[in-house]
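Chain and residue survey
Read off the chains here:
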Amino acid sequence: MSRLILIVEDSEMCRKALGLALCKLPGIRVHMVEKAEQALECLAAENFCALITDLRLPEMDGFGLIERVRAQPRYATLPILVVSGDGDPHTPTRVRELGADDYLQKPYSPSEMRTKLDPLIRPIA
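We now turn to the structure provided with this report. The numbers attached to residues start from 1 for each chain and follow its sequence in the written order. Per-residue local features are limited, in this predicted model, to residues with pLDDT of at least 70; the limit for side-chain atom pairs, both in listing and counting, is 80 or more; totals at the level of whole chains, interfaces and linings are taken over all residues. Only hydrogens and water are set aside; all other atoms, that is, all heavy atoms of the structure, feed into the side-chain values.

**Things to note about unusual backbone geometry**
The condition that has to hold: Numbering of helices and strands runs from the N terminus, with a helix taken as a DSSP run of H or I at least four residues long and a strand as a DSSP run of E at least two residues long. Each residue gets one of three labels from its accessible area relative to the maximum for its type: buried under 20%, exposed over 50%, partly exposed in between, using a 1.4 Å probe on protein chains only.
The peptide bond linking Lys106 to Pro107 adopts the cis configuration, its omega dihedral lying at -10°. Along the polypeptide, Pro107 turns up in the loop between strand 5 (102-105) and helix 5 (110-121). Notably, Glu59 is not glycine yet its phi reads approximately 70°, a positive angle. Tracing the backbone through its elements, the reader meets Glu59 in the loop between strand 3 (50-53) and helix 3 (62-70). Taking relative accessible area as the criterion, Glu59 reaches 68% and is therefore assigned exposed.

As structure tokens, this is what we get:
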């Protein structure tokens, strides 16, 4: 059975890099969107096992997306991984306080991405 991950990233190059990093995880499929509003629509329509989001997004940023996702009880336990080039040293703490599970600073290695994400999406036996 495959697991579906939602990626929210406005940079095509970064979306492709995330997809390549995740293709090594067994049973993973990805769906990619460019905007937070698109992500909210996708979450309402599909059953995702995780959300990976950038912070710098057009219209609604990743902080707003995390807040909106966590405000809905249906997504209270949805794993959220933030991948961002934000250089503010307080950002990792801020995203965790908003409800993200982990933070990964850009640039990152594909193995680092898999290491962060794998425990979040491991199926419950």
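Alright, that's what it looks like, and here's the rest.
**What to know about the nonpolar core**
Quick note on the threshold: Among buried residues, the Ala, Val, Leu, Ile, Met, Phe, Trp, Tyr and Cys ones that are joined through side-chain atoms within 4.5 Å form a nonpolar core. Here a residue-residue contact requires only that any non-hydrogen atoms of the pair lie within 4.5 Å.
The biggest cluster of nonpolar side chains holds 25 residues, and the ones touching the most others in it are Leu6, Val8, Leu51, Leu65, Val69, Val82 and Val95. Elements supplying a minimum of two residues to this core: strand 1 (3-8), helix 2 (36-45), helix 3 and strand 4 (80-84). The dominant element in this core, judged by the number of residues it contributes, is helix 2, at five residues. If near-sequence neighbours (up to four positions away) are discounted, Val8 is found in contact with Val33, Lys35, Ala36, Ala39, Leu51, Ile52, Thr53, Asp54, Leu57 and Leu65. One finds Ile5, Ala21, Leu22 and Leu117 within the second-largest nonpolar core, a separate group that totals 17 residues.

**Focus on the environment of Leu20**
Along the polypeptide, Leu20 turns up in helix 1 (residues 12-22). Looking at Leu20, the relative accessible area reads 61%, which means it is exposed. Spatially, the C-alpha atom of Leu20 lies 20 Å from that of Lys35, the residues being 15 residues apart in sequence.

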